[in-house]
Amino acid sequence: MALLSQKNARHVLEEIIALFPDAKPSLNFRNHYELLIAVMLSAQTTDVAVNKATPALFERFPNPEAIAESSIETIMPYISKLGLYRNKARFMYECAIQLIERFDSQVPQTREELESLSGIGRKTANVVLSVGFGIPAFAVDTHVSRICKHHKIVKKSATPLEVEKRVMAVLPPERWLPAHQAMIYFGRAICHPKNPECDQYPQLYQFDNS
């Protein structure tokens, strides 16, 4: 499979951004702590389901101290309708203690520090950096990975890190967050796992190869 050139790959990504220019994060949060927890909870679960769980969760646990003073068993009922909720409750509890002990209860602003927290992988760290702090980073979720493979921006066997590096090489840093947000909407509405409808958007393929 021949991959798109840098120029044509950027064309596809810019056209996707143009389709959803006002795409915003679909998780609800009011501060860095809530963003961190919401993104952690969203693994293998829809954002809609997370948004249903977090109002009561954040009312009961408004900060890391509230989590640390409770228990894993106390947290679980608040997120029991989410996938992997037992693990996520444990991650929340451990992460809260780490935030208090290592970072004075504040969410850190570097990928290395974020990934040192329980339950926080590279994707979550990148979302927190870009959405929460405005620090250029590109998060790869299932939508982003599928779109990049379907449109030959990366090879079919590409890892999330390879997808991340390719997109970051194709787009300038100020376009990473708009691309991530637009690709989520594009993946939900158009580039479905089964029967993608991308061919209904010919502008995606109108390459200028001059």
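So, here's what we can say about the structure. Keep in mind the model is a prediction, meaning the values are calculated, not measured.

1. A closer look at the environment of Ile153
Relative to the elements of secondary structure, Ile153 occurs in the loop between α9 (142–150) and α10 (160–170). The class for Ile153 is buried, based on a relative accessible area of 0%. With 150 residues separating them along the chain, Ile153 and Leu3 place their C-alpha atoms 5.8 Å apart. Those residues within four positions of Ile153 in sequence are excluded, and the remaining contacts are Leu3, Leu4, Ala9, Val12, Leu13, Cys148 and Arg166.

2. Considering helix α1 (residues 6–19)
Counted at 1.5 Å a residue, the expected span for α1 with its 14 residues is 20 Å, and the 20 Å between its end C-alpha atoms agrees. Within α1, burial applies to Asn8, Ala9, Val12, Leu13, Ile16 and Ile17. Buried residues along α1 sit against α9, α10 and α11 (176–189).

3. Comments concerning the nonpolar core
Grouped together as the largest cluster of nonpolar side chains are 39 residues, with contacts concentrated most on Leu36 and Leu114. Elements with a minimum of two residues in this core: α2 (32–41), α3 (47–60), α4 (64–68), α6 (85–103) and α8 (122–133). Looking at this core, the element that brings in the most residues is α2, giving 8 residues. Aside from chain neighbours lying at most four places away, what touches Leu114 is Leu36, Val107, Pro108, Ile120, Ala125, Val128 and Leu129. Core analysis: the next-biggest nonpolar cluster, separate from the first, contains 29 residues, Val12, Phe20, Leu171 and Ile190 among them.

4. Here's the deal with the state of the cysteines
Within the structure shown, the criterion is met by 0 disulfides. Looking at Cys148, it has no disulfide partner, and the nearest cysteine sulfur is the one in Cys191, 9.4 Å off. Take Cys191: it sits in no disulfide, and the sulfur closest to it among the cysteines is that of Cys198, at 3.6 Å.

5. Some points on the pattern of salt bridges
Applying the stated criterion across every chain yields a total of 7 salt bridges. A salt bridge links Arg10 to Glu14, with the nearest nitrogen and oxygen atoms 3.2 Å apart. Of this pair, Arg10 and Glu14 both sit in helix α1, separated by 4 residues, roughly a single helical turn. Among the ionic pairs, Arg111 bridges to Glu164, the shortest N-O distance being 3.9 Å. Highlighted residues: Arg111 in helix α7 (residues 111–115) and Glu164 in helix α10, separated in sequence by 53 residues. Under the relative-accessibility criterion, Arg111 is labelled partly exposed at 23%. A residue is classified by how much of its surface remains accessible, and Glu164, at 3% relative accessible area, is buried. Taken together, the shared-partner salt bridges connect Arg10, Glu14 and Arg175 into one network.

Cut-offs and rules
Residues numbered from 1 in each chain as written. Predicted model: local features only at pLDDT ≥ 70, side-chain atom pairs only at ≥ 80, totals over all residues. Heavy atoms only, no water. Helix = DSSP H or I, 4+ residues; strand = E, 2+ residues; numbered from the N terminus. Buried < 20%, exposed > 50% of the residue type's maximum accessible area, 1.4 Å probe, protein only. Contact = heavy atoms within 4.5 Å. Expected span 1.5 Å × (residues − 1). Core = buried A, V, L, I, M, F, W, Y, C linked by side-chain atoms within 4.5 Å. Disulfide = S-S within 2.5 Å. Salt bridge = Lys/Arg side-chain N within 4 Å of Asp/Glu carboxyl O.

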